Amino acid sequence: MKLHFKFCFSLIISLLAIYTSWSQSKQDTIKTDRLIITKQYSPTLNDAFKIKNKPDVSEETKRPERSIDYPLISVPVASTFQPAKGRAVSLKKSKDQLDLYNHYVRVGLGNYTNVLGDYIGNFQLNNKQTLGIDFSHFSSQGGINEAYFDDAFARNELAVDFESDEGSWIWKTNAGFEHFYHNYYGEPIFQEEGFMFNPNFTPTQNYFGFNFGASADLYDSFLDNVKMNYNYFSDDFDAAEHQMKLSSDFHFNLGGKNVHNQIGLKYLVGEFSAINNGFAYGQDLPFEENYGQLITSYAPSIFIEEDRFTLKVGAEVVFFNDAERSENELYIYPKVEANYRVIPDNLIAYAGVDGGLDQNSFRDFVHTNPFVSSTLNIVPTHRQYESYVGVKGSSGQLSYNTRISYKNEDARALFRNNFGANPMLFQQANQIRSFEAGNSFGVVYDDLQTFAFDVEANYDVTKDFNLGMTFNYSVFNTDQQEEAWNLPSLYTSVIGSYQINQKWMLGANLFYVGERKDFEFYQTSEGDVSQTVDVDAFADLSLNVQYRINKQLSVFLMGNNLVGGNYERWNNYQVQGLQIMGGLSYQFK
């Protein structure tokens, strides 16, 4: 509301003025009658190329909405603190692969006693209704040599969804359950000679989640869609969080222009009540923190199309209420993007500016870094603006997107090592909780400016051989913090898939993550120690081979983390080294 309010308002007015003057300068060719042509906005090549900035390296298999066919190889993904399963890469079907199957089962077993189990099912109840079930399990008994504590973990997810086509509208419902188990196995940041933890100390954590959602897509109506989603998330230390999201898109005609509108509501309420079994970082008081936040928004926009030029002009008005702090804020963000088709259907130049109020949550933090403590401060990130310029397009077998951006954020969340209390407090196991041994992460907030250069490309060498590449280089500038904790300046990946013939398929994934910074602060018998530490860069290579026995049954062999060794994904958290897993996949009707 300050400078960024004036900037957004001025930018929108300026763009409208430019367009008006440009349109009026053209000579009319139709004089006798007034011709008005109204058409829906049609997506261009711009909509097909959305850059994936630092894509999540822990991909999960998603359930296709319709009948599925899975004679495909599962390309491995990055080894984070655990080897996560990969996503099946889409390959063109040969003539004998036209049979569609709506049930898919995969099981695998590997070293570290890693166990994988997946089931994806799609039931066609009738011509209009379908039911989908997606279950996944991944677990390990651990065995990392450098792990300070037990590093076993387990992850279970179940999703069920129902869809009904009513002709003029489609409605969907979904529900899901998630359970994650892990140990805070990282080495404590303090080192006191001769100190030993009580053998009864168990650094375990369990996360539980439940979600429910519903949506409706309408046709031949001013109302385009309505969506609702609810998430519940909790842990072993009395943390509990409820998150509700509501949104709707609708449109109307104003002055011959189709105005698209989006309204939204996000409500987040939760508490951290780590009151069982001990102290809170050496304090003789339980830790309790409540939060309640409401975000409501309205975002109108219009599309202007003229020959090769397309302009989206819009803004978002956001009202924020913090119930716990009795604070209210009003924000206005720009939503502007211009596209120019330099070579129609092949090369597009684009530029824009965006912004928003991003809601952070305990669940989101856990999904990013499972080793956070149950003592976090939750506030939203105020993304004042993000301006960008780039080119994207395709030429024959090559598609690409190159972008330069500058982003200004207030209260950007950064993961940082938690304080390590005096080891003398830890002589008795019941004096501390699982995450209080200097072996967990908290969240600190700072104003962050980011300059980034992104490249994404995909090349189809042949119809059966595909290569993809992503590259990101970022420069961070913080306000209060010494570093942009745990954010790498460099990230790059190369992924490939090759269907050799009808029987054999290969996949590979190589990625590199640059050096990161973390901060350690802990107590010793001689006083407090604080220091900035380097978390080394790492490379990770995964290979995958699958042999198709018949149309329904396949065997696979995966090798993960073939070159990275026991690198640290987070400070003092080594990952599993070389991982080999083999198994079977079976699809049926």
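Everything in this summary refers to the structure shown in the same document. The structure displayed is predicted, hence computed values, not measured ones. (Residues numbered from 1 in each chain as written. Predicted model: local features only at pLDDT ≥ 70, side-chain atom pairs only at ≥ 80, totals over all residues. Heavy atoms only, no water.)

Turning our attention to the packing of aromatic side chains. Scanning the model with the defined rule gives 29 aromatic pairs in all. Between Tyr185 and Tyr573, the aromatic rings sit 4.9 Å apart at their centres with planes inclined by 75°, giving edge-to-face as the arrangement. Here Tyr185, found in the loop between strand S7 (169-183) and strand S8 (204-218), pairs with Tyr573, found in strand S27 (residues 573-574); they are 388 residues apart in sequence, far enough to count as distant. Given a relative accessible area of 1%, Tyr573 falls into the buried group. A network of ring pairs unites the aromatic residues Tyr185, Phe365, Phe371, Phe415, Phe441, Trp570 and Tyr573 as a single cluster. Taking the ring centre of Phe556 as reference, the NZ or CZ of Arg106 above it sits at 5.8 Å. (Phe/Tyr/Trp six-rings, centres within 6.5 Å; stacked < 30°, edge-to-face > 60°. Helix = DSSP H or I, 4+ residues; strand = E, 2+ residues; numbered from the N terminus. Buried < 20%, exposed > 50% of the residue type's maximum accessible area, 1.4 Å probe, protein only. Lys NZ or Arg CZ within 6 Å of the ring centre and 35° of its normal.)

Here we take up the pairing of strand S25 (residues 553-560). Relative to S25, strand S24 (residues 538-548) is paired through six bridges, and the arrangement is antiparallel. Opposite Asn544, over in S25, you have Met558 as the bridge partner. (Pairing = 2+ DSSP bridges.)

Turning our attention to the environment of Asn369. Here Asn369 is to be found in the loop between helix H3 (362-368) and strand S16 (381-395). For Asn369, a relative accessible area of 0% translates into the label buried. Along the primary structure Asn369 and Phe441 are separated by 72 residues, whereas in three dimensions their C-alpha atoms are 8.3 Å apart. Among all residues touching Asn369, those that are not within four sequence positions of it are Phe415, Phe441 and Trp570. (Contact = heavy atoms within 4.5 Å.)

Right, let's talk about the pattern of salt bridges for a bit. Across all of its chains, the model carries 14 salt bridges by this definition. Of the charged contacts, one joins Glu163 and Lys172 as a salt bridge, the two residues approaching to 4.0 Å between their closest N and O atoms. For Glu163, a relative accessible area of 7% puts it in the buried group. Looking at Lys172, the relative accessible area reads 25%, which means it is partly exposed. One salt bridge in this structure joins Arg341 and Glu305, with 3.9 Å as the shortest N-O distance. Of the two residues, Arg341 sits in strand S14 (residues 327-343) while Glu305 sits in strand S12 (residues 287-306), which places them 36 residues apart along the sequence. In this structure, a network of salt bridges that share partners links the residues Glu316, Lys335 and Asp354. (Salt bridge = Lys/Arg side-chain N within 4 Å of Asp/Glu carboxyl O.)

Once that is clear, we can look at the environment of Arg325. Mapped onto the elements of the fold, Arg325 is located in the loop between strand S13 (309-322) and S14. Taking the C-alpha atoms as reference, Arg325 lies 10.0 Å from Asn290; in sequence the two are 35 residues apart. Ignoring any residue separated from it by four or fewer positions in sequence, one finds Arg325 in contact with Glu289, Asn377 and Val379. A distance of 3.1 Å separates the side chain of Arg325 from the side chain of Asp322, its partner in a polar contact. (Polar contact = N/O pair within 3.5 Å; in protein donor to acceptor, adjacent residues only side chain to side chain.)

All right, on to the side chain of Arg341 then. Judged by its relative accessible area of 14%, Arg341 falls in the buried class. Of note is the side chain of Arg341, whose polar atom sits 3.5 Å from the side chain of Thr310.

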